[in-house]
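Read off the chains here:
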Amino acid sequence: MGKPSGALRRTLVTGAVLLLVGLGVQVIPKLASPAHAGSITLCSGFSDCRSKGYSTGGYESAWGKMYWRMYAGRNCTNYVAYKLIQTGLPNVRPWSGEGNATNWGIAMSRVTNRTPTVGSVAWWHSSHPSASRFGHVAIVEKVGSGSITISESNHGSDLSWRRISKDSVNYPTGFIHFNDRRLSVTKRPTVSGTPQVGKAVTVNTGSWSPNPNKIRYQWIVDKKPIPGATNKTFRIPGGLAGKQIAAVLTGVRKDYTNAKTMSKVLPPIKQGTFKVVKQPKITGEQKVGSKIAVGGAVYTPSAKIGEVKWYADKKLIARTKSRFLKVPASASGKRIGAVVVGAQPGYKPKQSYAFASSIVGGPKVPEEPDTPDGGLAQTKGGFVKGGTRLGGLMQVDPGEFNEKVDLTYQWTRDGAVIRGATSAKYRPTEADVGHRLSVTVSARSASGERLTETYGPSGRVRVKPTVKVTATGGSKQAEVAVRVTAAGYAPTGHVKITTNGGRTVTKSLSGGKAGVTFVKLPPGDYAITASYSGDAVAYWASGGAFTTVK
């Protein structure tokens, strides 16, 4: 029998198409010619692709079978179904109804978006300018900064690989994420070291599946990158005192989608501490009207003079930023001393001490200053050091005296005696949170003479809160609940809740709680963070959680 006429051939083809659609089997689509700007064919045909090093996936021996009830043969839907089955998906079509390529992204809209990932399905709707009226599907093999590489099978050809730029007319309508090849984080990284100015902290790599070829590091503060902080180890500068930092790690592996993870946010960074290596000295002639100076103090790390407090005997006569002093008439007959305060941003001020070797207008004096009335006197002032925070250590230095003394201590809370708090050291408890502390030091000489000094009150005792985030993913949404708690105190203020997709809302705490539901989220894994603003008693803090949106 001869070939049918053109009209008869068209009638037969149309009838076959209608029959297949009626049976629920896909019609074989054929993508329009890929010869568009920004689309480059890398190989064409099984043998050509093999010779050029591009995988055929074994499809040359498998195309005669049907996968996902797609029409057997060298065509896009059967090839993509075959490839997805090789990743572990069952040979069962994930949806019911039409199998034409144009319907794939519609039927699987819950996992379809505009983000390409290795292993996802590139999808062209029938309305796409470069697709046939049946649409087209392919497998994403690589994702570059400005292009994707796909493997595909078209009706009438074996298999080919193409590179398509993002600005090409051939770029897909969307991407279907059935079973992508992506890195995953199996164990969150942790940070070792003390979060204190001048000290170093180090983040480990955590655990990944599979192992990345490379990991990029970025330390952040207040969710913003710290310039230059791109190594595993980060030495904390003074400008970050009181702030909270974390490390963000990006895993990179060839032919896989990058993955990000973040360490826990560290506690507020403590101020650094100085050590006085060498005490300063006072130089210059000790007489009224002369110019004297104090200098020579050595600190580690190095420090600048933040303030100098000048004394004549025990009386304060001047406070200045300068290390020089013109001796006033009020200092006549007295011994001048100086307290030099070493300072540097992010460090606790540290005092060093100097005493003149002679009295003003008089002879040299012994190492310890004489007391005019011969009675018990404090020759060096005391002070309280340490932070006023829950669990921190406060300690009083009683100073020095001109006689041997017995010392007793009593700590008070807002002026009320704290029972049992009778040593030079004290750690604030839950009962102290929000209150101000003082300590009274009583010195008693062998003759029974007593001298009492009270240091304080301090600032309010503060507390580090805990931010617990619970995130529950659903269909295109994530429900987030935040709870901020603190020992001995009910935090007030606001929390800022953010997704890794850039959505942010600010909520006021009510009973320490706040919440929000993020809607219309693309499917994927989400890191949810909540940053608590802090108040007069509770420090700034943050927390986070992971969830998956379908």
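Residues numbered from 1 in each chain as written. Predicted model: local features only at pLDDT ≥ 70, side-chain atom pairs only at ≥ 80, totals over all residues. Heavy atoms only, no water.

Right, let's talk about the overall build of the protein chain for a bit. Within the protein chain one finds four helices and 41 strands. Counting the 550 residues in the protein chain, one finds 43% classified as buried. Across the protein chain, contacts joining residues at least 24 apart in sequence account for 59% of those joining residues at least 6 apart. Carbon together with sulfur atoms contributes 52% to the accessible area of the protein chain, which is approximately 27700 Å² in total. Each charge sign in the protein chain was given a centre, from 76 positive and 29 negative side chains, and these centres are 10 Å apart. (Helix = DSSP H or I, 4+ residues; strand = E, 2+ residues; numbered from the N terminus. Buried < 20%, exposed > 50% of the residue type's maximum accessible area, 1.4 Å probe, protein only. Contact = heavy atoms within 4.5 Å. Areas by Shrake-Rupley, 256 points an atom, 1.4 Å probe, with all protein chains shown as cover. Lys, Arg positive; Asp, Glu negative; His and termini not counted. Charge placed at Lys NZ, Arg CZ, Asp CG, Glu CD.)

Tallying each qualifying case throughout the model produces one disulfide. Not part of a disulfide, C76 finds its nearest cysteine sulfur in C49, a span of 16 Å. (Disulfide = S-S within 2.5 Å.)

What follows covers the environment of G382. Structurally, G382 is set in the loop between strand 26 (378-380) and strand 27 (383-385). G382 gets classed as buried once you look at its relative accessible area, which sits at 18%. Those residues in contact with G382 that sit more than four places away from it in its chain are D397, P398, G399 and Y455.

Here we take up empty space enclosed by the protein. Scanning the entire structure with this criterion turns up two cavities of 30 Å³ or more. Its volume calculated, the largest cavity comes out at about 120 Å³. Contributing to the lining of the largest cavity are 14 residues, with I220, K223, V265, W540 and S542 lying nearest its centre. Elements supplying a minimum of two residues to the lining of the largest cavity: strand 12 (214-221), strand 15 (245-252), strand 40 (524-532) and strand 41 (541-549). Grouping the constituent residues of the lining of the largest cavity by class yields seven nonpolar, five polar and two charged. Of the pockets and cavities examined, the second largest cavity occupies roughly 30 Å³. Secondary-structure elements contributing two or more residues to the lining of the second largest cavity are strand 33 (437-445) and strand 34 (450-455). Residue contributions to the lining of the second largest cavity peak at four residues, all from strand 34. (1 Å grid on protein atoms, 1.4 Å probe; cavity = no way out; pocket = protein on both sides within 12 Å on 5 of 7 lines; lining within 4 Å. Points joined across faces, edges and corners; volume = space filled by probe spheres on them. Nonpolar A, V, L, I, M, F, W, Y, C, P; charged D, E, K, R; others polar.)

Spatial strand order, 35-36-39: three strands in an open sheet with antiparallel pairing. In the strand order of this sheet, the two ends are held by strand 35 (466-473) and strand 39 (513-519), each with one partner. With strand direction ignored, the average angle separating the axes of adjacent strands in the sheet is 15°. (Pairing = 2+ DSSP bridges. Axes fitted to C-alpha atoms, helices over the stretch in contact; angles between N-to-C directions.)

What follows covers unusual backbone geometry. Following S209, the chain continues to P210 via a peptide bond in cis, the omega torsion being -10°. Tracing the backbone through its elements, the reader meets P210 in the loop between strand 11 (207-209) and strand 12. The residue after T300, namely P301, is reached through a cis peptide bond having omega -5°. The residue P301 is located in the loop between strand 20 (298-300) and strand 21 (304-312) in this model.

Before going further, it helps to spend a moment on the nonpolar core. One broad rule of soluble globular proteins: the nonpolar side chains tend to lie buried together. Of all hydrophobic cores here, the largest spans 29 residues; its most connected members are W68, W104, V121 and F178. Put simply, the parts of the chain that give this core at least two residues each are strand 1 (39-44), helix 2 (46-51), helix 3 (76-86), helix 4 (101-107), strand 3 (121-124) and strand 4 (136-143). No other element matches helix 3, which puts seven residues into this core. (Core = buried A, V, L, I, M, F, W, Y, C linked by side-chain atoms within 4.5 Å.)

Counting buried positions along helix 3 yields 10 of 11 residues, so the element is predominantly enclosed. When helix 3 is considered as a whole, its buried residues turn out to be C76, T77, N78, Y79, V80, A81, Y82, K83, L84 and I85. Looking one or two residues beyond helix 3, the residue adopting positive phi is G88, at roughly 115°.

Tallied over the full model, the rule gives 10 salt bridges. In this structure, D48 and K52 form a salt bridge, with 3.5 Å as the shortest nitrogen-oxygen distance. A salt bridge links D432 to R413; its shortest N-O distance comes to 2.5 Å. Highlighted residues: D432 in the loop between strand 32 (425-426) and strand 33 and R413 in strand 30 (residues 405-413), separated in sequence by 19 residues. Its relative accessible area of 23% is what places R413 among the partly exposed residues. (Salt bridge = Lys/Arg side-chain N within 4 Å of Asp/Glu carboxyl O.)

This next bit is on the layout of surface pockets. Approximately 1200 Å³ is the volume attributed to the second largest pocket. What lines the second largest pocket is a set of 36 residues, among which Q271, K348, K385, G386 and G387 lie closest to the centre. Those elements that provide at least two residues to the lining of the second largest pocket are strand 25 (350-359), strand 27 and strand 28 (394-397). Counted by class, the lining of the second largest pocket contains 16 nonpolar, 10 polar and 10 charged residues.

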